[in-house]
Structure formats: C-alpha cells, structure tokens
Amino acid sequence: MTRQFHYELQWPRDNIFLYTYAHELYNYRYHWHDSDYEIDIVLKGRAEFCLGQKTFLLEEDDVIFTNPGIWHASFSREENSKSLVIRFSDKVFRNLLKPGERFNFYIPASDASSRQDPIYKKIRYYASKLLKSASQSGSFQNLDSRAAFEMLLSTICSHEDKEVVRSYDPNERNMETVKRLLRYIDEHFAEKLSLEDLAKYTKYNRTYVSTLFKNSIGINFHEYLTRVRLSHAIFQLAVTDKNMTQIALDCGFPDLKIFNQRFRDIFQ
C-alpha cells in the first residue's frame, strides 16, 4: 500500500484523535479497529469494499462509513484506484454517552443513485477542507482543521439511522480466533492451504472454522484465500520483473492456467 500523504491531528484535551491519508489500493486484508470509525472516499477508479458480511463496488466520489469493531477490506477493481481514508477515535463522543457506550451510525455506502445526496456531498466537502487545512501551516491551521473535522462530525451525527450500543463485544473470543486465522493465512497464503490446516492450527473442527469464517468475514475461506493471493500477485506485477508463471507459483496458485481463471473471475 502506497500512501501519498499522511497527517495526524490531535486535540487530547477534547479526546479528538484522527489521521487521514490517501493510498493506492493494492492489498486485500481484512482488519478491524477496536475503537475507531473510518470513512473511505474513492478518489479514482473502482474498488470493492467488504464491510462485515456485505460487499460493495464503489466508484469515484463514492463514500463508505465503517463503525468500530467491524471487519473491513478493500480491493482494487481497476488499475491505479485510489482512496482517501479518515479515521478517528470513538472518544470524540465520550461527553454524549455513558461509560462503556458508543454510537453506531448506519450510513449506507453510496452508489450511482445516491452519491450526490446531501450527506455524501457534505462528507466529501468537509473531508477536502480537512485535508487542505492539514496540509498547510500558519497561525490558523489548527483552528481550520478543527472546524472542518467538527463539521464532518456534525454531518455524520445528523444521519437519523444510528443507535447507542455497548462497546464491549460479547463475541470477543470469536473475533480473536478470526484474527488468528487471518494472520495465519497472511503468513502461509503461498503454501497449499486448506480448511483442515486452519482447523488444526486453531484446534477446532473443520465445520466450526468454516462457519466462523463465513459468519465473521462474509465470504468463505477459499474466496478469501484467492483474493489474498491475487492481491499479492497484483503487487508483484507492479513492482517486480518476474514472469507471470513465477508470480502465479510464488502466490500459491498451482499453475498459470488456474491463476488466469481466478484473475478473470475476480476482475472480469
């Protein structure tokens, strides 16, 4: 993942911690943030975003919002696809909630029919204002950044579909198991890998691992493994001089034919 810029902004006295960066979409790695919200805005190209158990195809100017504790990943569907990311801590709402609570905002991902709706236009506008002020220097830079971020928060909070939830996740043990599985796949994707291997690694049976994976990630193990392998293959295509066959083998595909089939299936 290449980051074109990266800014960190903090106002500790008011529990405001955020950072923003733009990056070219390469990797397909599921992850989650314990206490951070995330806004992604597609700047260029087309990309697949997986959020919990749902998958969205986003294009330029589309916006997707992720609550804390939700698994998510992105995957480029077009060369040189880029997105802007803004992440901020749930502590910004601490004075509005009781201890142990947080807001969940159910803002749907935008698409061709909704990307010009007021909420998405405002999110893009204040995100650009935040980015501009963060990149500048001067006496009023901090004030401008704070104002842009607070207007962004106000836009999010104005969305009617939200609820207060407990920040403690009763399925924390399952989430830890899934994180272990994903780390294992990231470390062994180039090898011949099966559900039996994951079951042996976690000391659970194959059916339980398969169900846990599908319910937590939203896609099955084999589909996830294919996407991880393809993301590494795309990266190698961009930065190495290896031939296609060598890249296919290095990324866990048994031969070039299977690699080509999987590549066509995903990228059409």
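Since we're looking at a predicted model, the values are computed, not measured. (Residues numbered from 1 in each chain as written. Predicted model: local features only at pLDDT ≥ 70, side-chain atom pairs only at ≥ 80, totals over all residues. Heavy atoms only, no water.)

The phi torsion of most residues other than glycine is negative, and most of the peptide bonds are trans. Residue Asn80 is not a glycine yet carries a positive backbone phi of 65°. Checked against the element boundaries, Asn80 lands in the loop between strand E7 (72-76) and strand E8 (82-89). (Helix = DSSP H or I, 4+ residues; strand = E, 2+ residues; numbered from the N terminus.)

This next bit is on the sheet that holds strand E5 (residues 54-59). Strand order in the open sheet made by the three strands is E5-E4-E7, with antiparallel pairing throughout. What marks the edges here is a single partner per strand, and that holds for E5 and E7. Strand after strand, the sheet turns through a mean of 20° between neighbouring axes, direction not considered. Here six bridges tie strand E4 (residues 46-51) to E5, and the two strands are oriented antiparallel to one another. Bridge pairing in E5 places Cys50 opposite Thr55. Docked against the sheet, helix H6 (residues 221-239) engages E4 and E7, running at close to 45° with respect to E7. (Pairing = 2+ DSSP bridges. Axes fitted to C-alpha atoms, helices over the stretch in contact; angles between N-to-C directions. Contact = heavy atoms within 4.5 Å.)

Bringing the pairing of E8 into the picture now. The buried fraction of E8 is high, at seven of eight residues. Both strand E2 (residues 16-24) and E8 contribute to a ladder of seven bridges, which runs antiparallel. When the sheet's bridge partners are listed, Thr20 is paired in E8 with Ile86. When strand E3 (residues 36-44) meets E8, the two strands line up antiparallel, connected through eight bridges. Counterpart to Asp36 in the pairing with E8 is Ser89. (Buried < 20%, exposed > 50% of the residue type's maximum accessible area, 1.4 Å probe, protein only.)

Let's shift gears to the nonpolar core. Nonpolar side chains in soluble globular proteins tend to end up buried together. Core analysis: the largest hydrophobic core is formed by 35 residues, its most contacted members being Tyr30, Ile217 and Tyr224. Of all elements in the fold, only E7, helix H3 (172-188), helix H4 (195-202), helix H5 (206-217), H6, helix H7 (244-250) and helix H8 (256-267) reach the threshold of two or more residues within this core. Among the elements that take part in this core, H6 stands out by supplying seven residues, more than any other. Among all residues touching Tyr30, those that are not within four sequence positions of it are Cys50, Gly52, Trp71, His72, Ala73, Leu182, Ile217, Ile219 and Tyr224. Grouped together as the second largest cluster of nonpolar side chains are 30 residues, Tyr37, Phe88, Val92 and Leu130 included. (Core = buried A, V, L, I, M, F, W, Y, C linked by side-chain atoms within 4.5 Å.)

Next up on the list: the packing of H4 against H5. Where H4 contacts H5, the axes come no closer than 9 Å and their chain directions differ by 100°. Our classification of the angle between H4 and H5 gives roughly perpendicular. Contacts from Leu195, Glu196, Leu198, Ala199 and Thr202 of H4 reach H5 at Arg206, Val209 and Ser210. Here the residues of the contact of H4 with H5 sort into four nonpolar, two polar and two charged. (Parallel < 35°, antiparallel > 145°, perpendicular 65-115°, else oblique. Nonpolar A, V, L, I, M, F, W, Y, C, P; charged D, E, K, R; others polar.)

In terms of burial, E4 is largely enclosed, as five of its six residues are buried. Taking the residues between adjacent antiparallel strands as the criterion, E4 and E5 are bridged by two residues, where Gly52 takes a positive phi near 60°. Sheet topology note: the E4/E7 ladder contains five bridges and is antiparallel. Paired with Ala47 across the bridge in E7 is Ser76.

So, about the confidence of the model for the chain. Taken residue by residue, the chain gives an average pLDDT of 88. The fraction at 70 or more is 94%. Here strand E1 (residues 2-11) stands out as the element of the chain with the lowest mean pLDDT, 78, in contrast to strand E6 (residues 63-66), whose mean of 97 is the highest. (pLDDT = per-residue confidence, 0-100.)

The full count for this structure, using the stated rule, is 17 aromatic pairs. Centre to centre, the rings of Phe259 and Phe263 are 5.8 Å apart; their planes meet at 50°, and the pair counts as tilted. Highlighted residues: Phe259 and Phe263, both in helix H8, separated by four residues, approximately one helical turn. Residue classification places Phe263 among the partly exposed positions, given a relative accessible area of 28%. These aromatic residues form a ring-pair network of at least three members: Tyr37, Phe65, Phe88, Phe93, Phe103, Phe105 and Phe149. Residue placement shows Arg180 over the ring face of Tyr201; its charged tip is 5.0 Å from the ring centre. (Phe/Tyr/Trp six-rings, centres within 6.5 Å; stacked < 30°, edge-to-face > 60°. Lys NZ or Arg CZ within 6 Å of the ring centre and 35° of its normal.)

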